[in-house]
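A look at the structure
Below, each chain spelled out in residue letters.
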Amino acid sequence: MLDLRFVRENPDAVKENIRKKFQEDKLPLVDEVIALDAENRAAVSEANSLRAARNALSKQVGMLMGQAKKDPSKAAEAEAVKAQVAAQADRLRELEAKESELDEKITKIMMVIPQMIDASVPIGPNDSANVEVQRFGEPAVPEFEIPYHTEIMERFDGIDLDAARRVAGNGFYYLQGDIARLHEAVLAYARDFMIDKKGFTYVIPPFMIHGNVVQGVMSFADMEAMMYKIEGEDLYLIGTSEHSMIGKFIGQIIPESRLPQTLTSYSPCFRKEKGSHGIEERGVYRIHQFEKQEMIVVCKPQDSMQWYEKLWQNSVELFRSMDIPVRQLECCSGDLADLKVKSCDIEAWSPRQKKYFEVCSCSNLGDAQARRLKIRIKGEDGKNYLAHTLNNTVAAPPRMLIALLENNLEADGSVKIPAVLQPYMGGKQRLVPKH
């Protein structure tokens, strides 16, 4: 969400940014919101003048009423001034109602005008124009055939999709046995990686949040496509712990001495997954429910790009420690959600598909979430200014299990357990198929 004053003073830049995001249908909104803002500021100015005049006249009425007790001829003059005050009060109520209506219209428009993207973001209409920046680790394809990931899991009696469909429908799963344990091992390792190696503070947040927090952390389009609403209550199931974690700071003024806030959070995640991708019926790549370890940073504006670099590099380090080849993919302008300034995906190598697929998403949201949620920083000079917020996935199984299983599958059907995960697997070095 942009500063309205910035839009008013830089309409051409805002329009050019909209064009870069290939959202030409939003161009008229810039002129519309500027006109509404001018109308609103005029109403505010008139209302302020009326309040000052009314206060002065109210004092005059009191004085005239006091004089009328001694001089009855003053009573008519007092009544005339009282009528003038009453008329001003009526006009003031009209103006206040107009201000409220205009504020609502302005906010509605400002919520859909996209954030200004960073100058380094590649320009393109959709994810087909995303740019590979660099690779880490050598992608390899073994000589033997790699089965679909659910087939690998089934060899260990590790998944039951049929039972999940009977219980909850498509997009859900039962993980069991060694596969379920491997799932939890990844989460535990990701948690400890962020705490012990990166110094982040571990948090378990609320898994449901109020509507005003949802509107503060994501765009309306994403909200409709992702969020599950609790019927009859002002509560939504979180689609990622970022929602709850950024909401933690709503309305807060954070002293500079307490920054940066570097937090890593665990949560289940719930998503409708409406849209072109849909739910994957056969596997666990795109599903309604999963678990995730997340990293969140709240920092000073001048530090946010440095933190952006650190966050995506954390993901690379984590995956490489499990011998999984990855690459960094820079998101183009048309693939950026409206609140994002800059974003990249970390994609893991799939030897079965012979291509990479997304396992982490790192984003710098600038002051967009902070402006909506009123997250401010108190400077050393005593003045308040908006914080910057960032987020990135640490690990999100069961999706990332696909990369883990495929890249560690042996010709005999067993799966090597990366050394960093073995302590979380009771010392096991490999998983042996049951059939």
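The structure this text deals with has already been given above.
Thresholds applied
- Residues numbered from 1 in each chain as written.
- Predicted model: local features only at pLDDT ≥ 70, side-chain atom pairs only at ≥ 80, totals over all residues.
- Heavy atoms only, no water.
- Phe/Tyr/Trp six-rings, centres within 6.5 Å; stacked < 30°, edge-to-face > 60°.
- Helix = DSSP H or I, 4+ residues; strand = E, 2+ residues; numbered from the N terminus.
- Buried < 20%, exposed > 50% of the residue type's maximum accessible area, 1.4 Å probe, protein only.
- Lys NZ or Arg CZ within 6 Å of the ring centre and 35° of its normal.
- Contact = heavy atoms within 4.5 Å.
- Pairing = 2+ DSSP bridges.
- Arc of directions from axis to C-beta.

Bringing the packing of aromatic side chains into the picture now. For any pair of aromatic rings, the description rests on two quantities: the centre-to-centre distance and the angle between the ring planes. Scanning the entire structure with this criterion turns up 6 aromatic pairs. Taken together, a centroid distance of 6.2 Å and an interplanar angle of 50° make the contact between phenylalanine 136 and tryptophan 312 tilted. Of the two residues, phenylalanine 136 sits in strand S1 (residues 131–136) while tryptophan 312 sits in helix H11 (residues 304–320), which places them 176 residues apart along the sequence. Centre to centre, the rings of tryptophan 349 and tyrosine 356 are 5.2 Å apart; their planes meet at 65°, and the pair counts as edge-to-face. Here tryptophan 349 and tyrosine 356 have matching classes, each one buried. One residue, lysine 229, lies across the ring of tyrosine 236, its end atom 5.5 Å from the ring centre. The residue whose ring lies beneath lysine 248 is phenylalanine 249, and the NZ or CZ to ring-centre distance is 5.1 Å.

Okay, the side chain of glutamine 23 next. Locating glutamine 23 in the fold gives a position in the loop between helix H2 (11–20) and helix H3 (27–70). Contacts of glutamine 23, omitting those with residues within four sequence positions, involve Ile18, Pro114 and Asp338.

Looking now at the sheet that holds strand S3 (residues 208–209). Taken in spatial order, the 3 strands make up an open sheet running S3-S5-S4, and their pairing is antiparallel. The sheet terminates laterally at S3 and strand S4 (228–229), the two strands that pair on one side only. Alignment of S3 against strand S5 (residues 236–237), held across 2 bridges, turns out to be antiparallel. Its bridge partner lying in S5, methionine 208 is registered against leucine 237.

Every buried residue of H2 is listed here: Val14, Lys15, Asn17 and Ile18. Taken end-on, H2 shows its buried residues confined to a sector of 155°, consistent with a single buried face.

A few words on the pairing of strand S9 (residues 326–330). Summarising burial for S9: 5 of the 5 residues are buried, a large majority. Of the two faces of S9, the one carrying Val326, Gln328 and Glu330 and the one carrying Arg327 and Leu329 are both buried. Examined bridge by bridge, S1 and S9 share 5 bridges and lie antiparallel to one another. Among the inter-strand pairings, phenylalanine 136 is bridged to a residue of S9, identified as valine 326. Judged from the 5 bridges that link them, S9 and strand S10 (residues 342–350) form a sheet pairing that is antiparallel.

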